[in-house]
Every structure is written in structure tokens, then in C-alpha cells.
Amino acid sequence: MTANRERLGNAAAVMEAAVRSGAYPSAVLAVGDHEGTVWTYVVPGEDGVGLETIFPLASITKPIVGIAIMQLVERGLLLLNEPVKNLIPEFGQNGKEGVIVWHLLTHTSGLVEEEAALNELFRQRVPAEAFLDLAIREGVSFEPGTQFAYNNLAFLVLGELITRISGQPYPEYLTEHIFAPLGMMDTAFAPVDAARAAPVYGFGDEEDQEYWNTLAAPHAGLWSTAADLLALGRAFLNEGRAGDYRLLSPAAVEAMTRVQTQGIHSMVDGRPQPVYQALGWGKASPRGVLLGSDAAFGHGGATGTFMRVDPEWNLVYVCLASRWEGSHNEAIRAFNAVCGAMERAAPEIE
């Protein structure tokens, strides 16, 4: 596949308009393929961000934690259908006895998640362990595996699974087994260089952000750059390989990126809606707004971040922004414009 440079300008125009309108304070776009970076575009806004700026990823953290879980699965240390209580005995209470690892990865655990309780813990500046304790104590709102309900607490439990099975705190595990081997040197649970960190709008004051960074939240706490996320996506385009390093086996990549939730619905305004979810990654609905192939997968974050990988089109797309509870609409518009610039190579004529 090749990219029409002139048509990539449509994606740039979308981001320019998004920053002018105030939808995003600033933005970085990056497009890559299985070999490297294809195109980048920066709208610095008033912050002067650039390609080296480190952005809060928010929920793009989730599939990265999912990669660590899949590494443990393919090493034979964990089963996707393993009851969580087998590994975290104190978790097996209040209706959670039947929750398996697969449920946590696919947002089908039913784990109760009350925003008011989470906000109160945040206000009290409790240590990270208190949030995990909440997940362990909570009950379920529906029978695990019968519905989809997006869930952050589930990934706190997955972080604890990584720690207990590997013997390493999950932030250290991610660094050793994902970030360092892929050259993702700017990815961590706090900006590795404060001078390059994007300001986060709508998240509270500086003390709130500093406290958030201490939590190393496995559902939404990572910071990273466009280049680092392109490297991550590139490994998936190369069937889990990055140079001489095997991030995941091809079999694990295939399992992690295919639809897992056939026949499961979410409730939207009291009506059931079909769900298209992989393991940690999201999939697009056939009736959705995203261009690209059925093989594509990705994730967004509450700061306006958006990442998508399409193996059929040999494409990694990254949009980084830093407004909390920001919209993904403009990032999706820009993604569709990037897809509109992709062309199949002309067949060779003998």
C-alpha cells in the first residue's frame, strides 16, 4: 500500500480545524507502516507541542496491559478462561467467583464501577492499593459474560495478575518486556522528561496530575509519544515481531485482535446493541464510522488520543491530544482522511 501525499493533506486540514475550533488544544498525527514512519503532522496550538512531546495516553493503556497478559498466556503461565480467584483468592467474593481473565479483557465481567466511589478515593489521595482493594471488594451488576459494560477496575485486576504471576510489579514488567525491547523509551506511567510533557486540560490542578501519576493506573495512566506508539503498532503489522524481539507470537496476535464478543450486547438507552471487542483492543462495528478493513483494531483515550492498526492496509495511525474527556470525532475524521489517501500498489505487468 502507498499513501497519496496530496490527499494526506485532508487529514492535516481536519486537525488544523480541530485546534482552531478548540476541540483540541494541540495535536500530533503520525502514520506508519511495517517498515517505519510514513507521515507526520503537528498542530502546535498555543502549547508549542512537537513530535517529541509526551502525551497522556489515557485508555490506550488498556491494550498495552493486554499485551502483557497475552505474553503470560503464550508462556503457559495463564489461561484466558482461568477464574481470577485462582490467582487472586480474595477476588472470589460477592458474585465474582465465575469471573475469568477473558471477562476482564473484554469488558464483560460485570464488575461494579461507581464513579462516585472512585472520585472519593481520588479526593482522599489514597495509595494505588486502595483502588485495587475496591475492585476486589465490589460485586457484579450482571452475570459475567452475558453483557458488555466498559470497565476500568477490571484492568486494575489485570495489573495485579501481571504482578503476581511474573513476580515483578506490572510497571517494571511492561518496561522490561514491551517498552525497552521495542525502543519505546518515552513510554511510562509518568513523563520521562517533564519538560516535554503536554499540559493536560480539564483534569484538575497540578497536584491532581502529580497524584494521578503516582498511581500508575493500568487502565489509563501511561504517557508516550507518537514515535513510540508507531513502534508498538509496527510490531503488530509484523506479526508480533520487532527486529530480533518477539513481542507476541503470530497466534497470540491473531487471538488478541479478532472479535471475541460475538452474541454479546451492551445496553444503550435501555436497548441491546451488538458489541465488537477484541482482547484489550476494540474492533469497529460493520455499521460504524471507521474506514478500513475488518482486520483493523485500535483504542482511544479520554484525552482525545486515538490509535488504530490495519494489517490489511499496512497502516498504523496515531493521533495524540491532551484535553481530558476530549472528543474522538476529529481524530476519527482524520483517520478516515488518512484511509482516503491509501492506495493499492499497481499490479506488475509482464
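Everything below is about the structure shown above.
Residues numbered from 1 in each chain as written. Predicted model: local features only at pLDDT ≥ 70, side-chain atom pairs only at ≥ 80, totals over all residues. Heavy atoms only, no water.

1. Quick notes on the pairing of strand S9 (residues 265–268)
Then comes step 1: Two strands pair when backbone bridges link them, and strand S5 (residues 147–148) and S9 are joined in this way by two bridges, in the parallel orientation. Among the inter-strand pairings, Phe148 is bridged to a residue of S9, identified as Ser266.
Then comes step 2: Bridge count between S9 and strand S10 (residues 271–274): four bridges; the pairing is antiparallel. Each residue of the ladder has a partner; that of Ser266, found in S10, is Gln273.
Then comes step 3: Count of turn residues in the S9/S10 antiparallel hairpin: two residues, of which Asp269 carries a positive phi of about 55°. (Pairing = 2+ DSSP bridges. Helix = DSSP H or I, 4+ residues; strand = E, 2+ residues; numbered from the N terminus.)

2. Focus: the environment of Asn4
Then comes step 1: Within the secondary structure, Asn4 is located in the loop between strand S1 (2–3) and helix H1 (5–21).
Then comes step 2: When its relative accessible area of 23% is taken as the criterion, Asn4 is described as partly exposed.
Then comes step 3: Remark: the alpha-carbon pair of Asn4 and Val338, spanning 334 residues in sequence, is separated by 9.0 Å.
Then comes step 4: In contact with Asn4, not counting residues within four places along its chain, are Ala341 and Glu343.
Then comes step 5: A distance of 3.0 Å separates the side chain of Asn4 from the backbone nitrogen of Glu6, its partner in a polar contact.
Then comes step 6: Polar contacts involving the side chain of Asn4 include one to the main-chain amide nitrogen of Arg7, which spans 2.9 Å. (Buried < 20%, exposed > 50% of the residue type's maximum accessible area, 1.4 Å probe, protein only. Contact = heavy atoms within 4.5 Å. Polar contact = N/O pair within 3.5 Å; in protein donor to acceptor, adjacent residues only side chain to side chain.)

3. Observations regarding the packing of aromatic side chains
Then comes step 1: Under the criterion given, the structure shown has 13 aromatic pairs.
Then comes step 2: For the pair Tyr170 and Phe189, a centre-to-centre distance of 5.9 Å together with 85° between the ring planes defines the contact as edge-to-face. Of this pair, Tyr170 sits in helix H7 (residues 170–182) while Phe189 sits in the loop between H7 and helix H8 (206–215); the two residues are 19 residues apart in sequence, bridging distant segments of the chain.
Then comes step 3: The class of Tyr170 is buried, set by a relative accessible area of 14%.
Then comes step 4: Within the aromatic cluster, the residues linked to one another by ring pairs are Phe122, Phe203, Tyr211, Trp212 and Trp324.
Then comes step 5: The aromatic ring of Phe91 is capped on one face by Lys96, whose charged end is 4.9 Å from the ring centroid.
Then comes step 6: Sitting over the face of the ring of Tyr201, Arg323 holds its NZ or CZ atom 5.7 Å from the ring centroid. (Phe/Tyr/Trp six-rings, centres within 6.5 Å; stacked < 30°, edge-to-face > 60°. Lys NZ or Arg CZ within 6 Å of the ring centre and 35° of its normal.)

Just distances and angles here, no functional claims.
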